[in-house]
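Structure assessment
Here's the letter readout for the chains.
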Amino acid sequence: NLLIENGHRDIMFVGTVEAGESITDRYMGYCKAMKKHGIELREEHIINDRETDSKDYSIKISLPDKLPTAFACNCDLSGKVLIKELEKRGFKVPEDISVVGFDNYYSKLGADMQLSTYENDGKMLAKLGVKTLIKNIEKPERKKGIRIISSRPVRGNTVKNINWEVKSGGS
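Being a predicted model, the structure only gives us computed values, none of them experimental. (Residues numbered from 1 in each chain as written. Predicted model: local features only at pLDDT ≥ 70, side-chain atom pairs only at ≥ 80, totals over all residues. Heavy atoms only, no water.)

Residue P94 is reached from V93 by a cis peptide bond, and omega for that bond is 5°. Topologically, P94 is positioned in the loop between α3 (76-88) and β4 (98-100). The phi angle at D103 is positive, at roughly 120°, despite the residue not being glycine. With respect to the helices, strands and loops of the structure, D103 is situated in the loop between β4 and β5 (108-110). (Helix = DSSP H or I, 4+ residues; strand = E, 2+ residues; numbered from the N terminus.)

Structural data, given as structure tokens:
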């Protein structure tokens, strides 16, 4: 939503959707935001960031030839790797391309770059995880459910507002 609010309509998702539930959930959030704003979802707008059929869990990103104006990454580490790949190709973030992450884990990218990201309440997440685990051990037949954890956006400096450029055709 932050990218869309800043005028971006050509946004790629970075994450291997089938690699885990959290990536799938984040991809669904990307899809929801795009649909809500009437932006077409295209399969070529998904960039995998890891292998699912090997024991190599490192993040690797291959950039497409045609780049969007922005990337929504499933996690901050993918955002960090993506920014390095963009810089290797001579692009600057956010001047040329905007990037957002998720987790607020690797959000400090250098002396003057802070990734725009989203942070969940880690302490509450850990506390709830332990309580749920104990309850599941004590009563394995108990009903399962979904819990909502408080979260907040962390505004860094990796998103460029292109609303003026889009409206006026300027650069």
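Below, the discussion takes up α3. The end-to-end C-alpha distance of α3 is 18 Å, a good match for the 18 Å that 13 residues give at a rise of 1.5 Å each. Those residues of α3 lying buried are D76, S78, G79, V81, L82, I83 and L86. Buried residues along α3 sit in contact with β1 (11-14), β3 (70-73), β4, β5, β6 (113-114) and β7 (117-120). Just beyond α3, the residue with positive phi is G90, at close to 90°. (Expected span 1.5 Å × (residues − 1). Buried < 20%, exposed > 50% of the residue type's maximum accessible area, 1.4 Å probe, protein only. Contact = heavy atoms within 4.5 Å.)

Turning to the sheet that holds strand β2 (residues 46-47), a few remarks are in order. Strand order in this open sheet of four strands is β2-β1-β3-β4, and the pairing throughout is parallel. On the outer flanks of this sheet lie β2 and β4, each paired with one strand and no other. Both β1 and β2 contribute to a ladder of two bridges, which runs parallel. Directly across from F13, in β2, lies its bridge partner I46. (Pairing = 2+ DSSP bridges.)

Time to look at the layout of surface pockets. Put simply, the largest pocket is a space of about 1500 Å³. If you trace the largest pocket, you find 46 residues lining it, with D25, R26, F102, Y118 and N120 closest to the centre. When residues of the lining of the largest pocket are traced back to their parent elements, those giving at least two are α1 (2-5), β1, α2 (21-36), β3, β7, α4 (122-138) and β8 (151-154). Residue contributions to the lining of the largest pocket peak at 10 residues, all from α2. Among the residues making up the lining of the largest pocket, the classes are represented as 20 nonpolar, 13 polar and 13 charged. The calculated volume of the second largest pocket comes to roughly 170 Å³. Looking at side-chain class alone, the lining of the second largest pocket contains two nonpolar, five polar and seven charged residues. (1 Å grid on protein atoms, 1.4 Å probe; cavity = no way out; pocket = protein on both sides within 12 Å on 5 of 7 lines; lining within 4 Å. Points joined across faces, edges and corners; volume = space filled by probe spheres on them. Nonpolar A, V, L, I, M, F, W, Y, C, P; charged D, E, K, R; others polar.)

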